[in-house]
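Chain and residue survey
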Amino acid sequence: MTIAGGWLTLWVPALGAGLLQMLWQGALAAFLLWAAQPWLRRATARARYAAACAALFALPAGFAATVWLALHGGAAAMDWLPPIAHGTERLWMSYLVATWAAGAAAVGVYSAVGWGLAQRLRRRVSYAVPEAVQAQMERLRVTLRASRRTRLGVSATAPGPCVLGWWRPLILLPASALAGMAPQQLEALLAHELAHIRRHDYLVNLAQRAVEAAFFYHPAMWWISRQVTEEREHCCDDLAIGVCGDRVGYARALVDAAAQATAAALPATSLAASGGSLRRRVQRILQGALPRQGGSRGAALAGGAAVAALALAGLLAA
């Protein structure tokens, strides 16, 4: 048997089975996360973030388990997989896997371009930061117990405040922020970015982009990923407010930073103070609780019913 023949015989059916099973596995993960929202709304942002991350990273775990069973479980383990995975239509399965690989590669290239843009910003940074701002950042860094390798830079091309890198994290401020913001507003933005560094969010964000590339075809995955992004920002908001102590001033700083941001988008691999839904974040900061999404209980129920229907359809298909 040739190498290509061995690949088609073993891996293509197994990968195809994993992709098909992900239709209901991803929908089920989203449904469970949605069903837990009434309890999670009363929990902390950290608990909601942990639940969203668990749902997101359950997807690659389920996919890997399915592929492993298809490869090593034998015929008995394959009985619960779709019949097409048994090798009856290997050519069709090959097209399915090839299309998925092409789509995942395209999404991966998009993320890689974003990473390249982030590195371009990093190479063009200026470290000529006013001493008062540098001292302010250092004081906040010690308070938040963020990495000692954190550096602060200024960029004329950065659309907004953001964090780049993990091992030697760089807080990047746009020149407009230094020129047009009060010290209290700068403190709020620096505290938010330092919260990202303390929580090692950059690494989780990279893993999140990998999951998005692998399961780009699943709408439930994108909904879960959006929950991860929003709750990550809520966690950093809470840490920053704990340091700054002024909810109204902190919310105003976020709004002013968004108003000063340029039209260019930040790379997806960066972490910005303007991440997530800014309006929802400001409402949560001022009200002290999560606002209801969509403002309508009927809309929320309709969304949950759609997720439940998707999960049921995937189960029936399997």
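What you see is a predicted model; the values in this text were computed from it and never measured.

**A closer look at the packing of helix 8 (residues 183-198) against helix 11 (residues 247-260)**
When two helices pack together, you describe them by how their axes are tilted relative to each other and by the distance separating the axes. Between helix 8 and helix 11, the shortest axis-to-axis distance is 9 Å and the interhelical angle comes to 85°. As summarised for this structure, helix 8 and helix 11 are arranged roughly perpendicular, according to the angle between their axes. Seen from helix 8, the contacting residues are Gln185, Ala188, Leu189 and His192; seen from helix 11, they are Tyr250, Arg252, Ala253, Leu254, Asp256 and Ala257.

**As for helix 12 (residues 278-287)**
Among all positions in helix 12, only Arg280, Arg281, Val282, Arg284 and Ile285 are buried. Each element contacted by the buried residues of helix 12 is listed here: helix 3 (45-72), helix 8, helix 10 (219-244) and helix 11. Taken from the residues just after helix 12, glycine 288 is the one with a positive phi, measuring 80°.

**Section: the environment of tryptophan 100**
Relative to the helices and strands, tryptophan 100 resides in helix 5 (residues 90-123). Considering only alpha carbons, one finds tryptophan 100 and phenylalanine 216, 116 residues apart in sequence, at a separation of 8.7 Å. Apart from residues no more than four positions distant in its own chain, tryptophan 100 is found in contact with Leu19, Ala214, Phe216 and Tyr217.

**Some points on the pairing of strand 3 (residues 170-174)**
In terms of burial, strand 3 is largely enclosed, as 5 of its 5 residues are buried. When strand 1 (residues 151-155) meets strand 3, the two strands line up parallel, connected through 5 bridges. Each bridged residue has a counterpart across the sheet, and for arginine 151 the counterpart in strand 3 is leucine 170. Pairing of strand 2 (residues 162-164) with strand 3 involves 3 bridges; the strand directions are antiparallel. Directly across from valine 163, in strand 3, lies its bridge partner isoleucine 171. What sits between the antiparallel neighbours strand 2 and strand 3 is a turn of 5 residues, in which glycine 165 has the positive phi angle 90°.

**Points about the side chain of aspartate 237**
Assignment of secondary structure puts aspartate 237 in helix 10. At a separation of 2.6 Å, a polar atom in the side chain of aspartate 237 contacts the side chain of tyrosine 250. When sequence neighbours within four positions are dropped, the list of residues in contact with aspartate 237 reads His192, Tyr250, Leu254, Arg281, Arg284 and Ile285.

**Remarks on unusual backbone geometry**
You will see that arginine 145, though not glycine, has its phi angle at about 55°, which is positive. Tracing the chain through its elements places arginine 145 in the loop between helix 6 (131-144) and strand 1. Overall, arginine 145 belongs to the exposed group, its relative accessible area being 60%.

**Things to note about the packing of aromatic side chains**
Pairs of aromatic rings are described using the distance from one ring centre to the other and the angle between the two planes. All chains considered together, the criterion is met by 5 aromatic pairs. A centroid spacing of 6.1 Å and a plane angle of 40° characterise the contact between phenylalanine 63 and tryptophan 100, whose relative ring orientation is tilted. Of this pair, phenylalanine 63 sits in helix 3 while tryptophan 100 sits in helix 5, and the two are 37 residues apart along the sequence. Note on phenylalanine 63: relative accessible area 12%, which makes it buried. A relative accessible area of 17% means that tryptophan 100 is categorised as buried.

**Quick word on the pattern of salt bridges**
As enumerated under the stated definition, the model contains 9 salt bridges in all. Here glutamate 138 and arginine 141 are joined by a salt bridge, their closest N and O atoms 2.7 Å apart. Taken as a pair, glutamate 138 and arginine 141 lie in helix 6 at a separation of 3 residues, close to a single helical turn. Note on glutamate 138: relative accessible area 33%, which makes it partly exposed. Close ionic contact of arginine 199 with aspartate 201 constitutes a salt bridge, the shortest N to O distance being 3.1 Å.

**Focus: the state of the cysteines**
Counted under the stated rule, the structure contains 0 disulfides. Here cysteine 235 is not cross-linked by a disulfide; its sulfur's nearest cysteine counterpart is in cysteine 236, at 6.8 Å.

**Some remarks on the packing of helix 10 against helix 11**
Running from N to C, helix 10 and helix 11 cross one another at 130°; their axes reach a closest spacing of 10 Å. Classified by the angle between their axes, helix 10 and helix 11 sit oblique to one another. At the point where helix 10 passes helix 11, the crossing takes the right-handed sense. Facing helix 10, whose interface residues are Cys236, Asp237, Ala240 and Ile241, helix 11 presents Arg247, Tyr250 and Leu254. By residue class, the composition of the contact of helix 10 with helix 11 is 5 nonpolar, no polar and 2 charged.

Conventions we followed
Residues numbered from 1 in each chain as written. Predicted model: local features only at pLDDT ≥ 70, side-chain atom pairs only at ≥ 80, totals over all residues. Heavy atoms only, no water. Axes fitted to C-alpha atoms, helices over the stretch in contact; angles between N-to-C directions. Helix = DSSP H or I, 4+ residues; strand = E, 2+ residues; numbered from the N terminus. Parallel < 35°, antiparallel > 145°, perpendicular 65-115°, else oblique. Contact = heavy atoms within 4.5 Å. Buried < 20%, exposed > 50% of the residue type's maximum accessible area, 1.4 Å probe, protein only. Pairing = 2+ DSSP bridges. Polar contact = N/O pair within 3.5 Å; in protein donor to acceptor, adjacent residues only side chain to side chain. Phe/Tyr/Trp six-rings, centres within 6.5 Å; stacked < 30°, edge-to-face > 60°. Salt bridge = Lys/Arg side-chain N within 4 Å of Asp/Glu carboxyl O. Disulfide = S-S within 2.5 Å. Left-handed = near helix turned anticlockwise from the far one by under 90°. Nonpolar A, V, L, I, M, F, W, Y, C, P; charged D, E, K, R; others polar.

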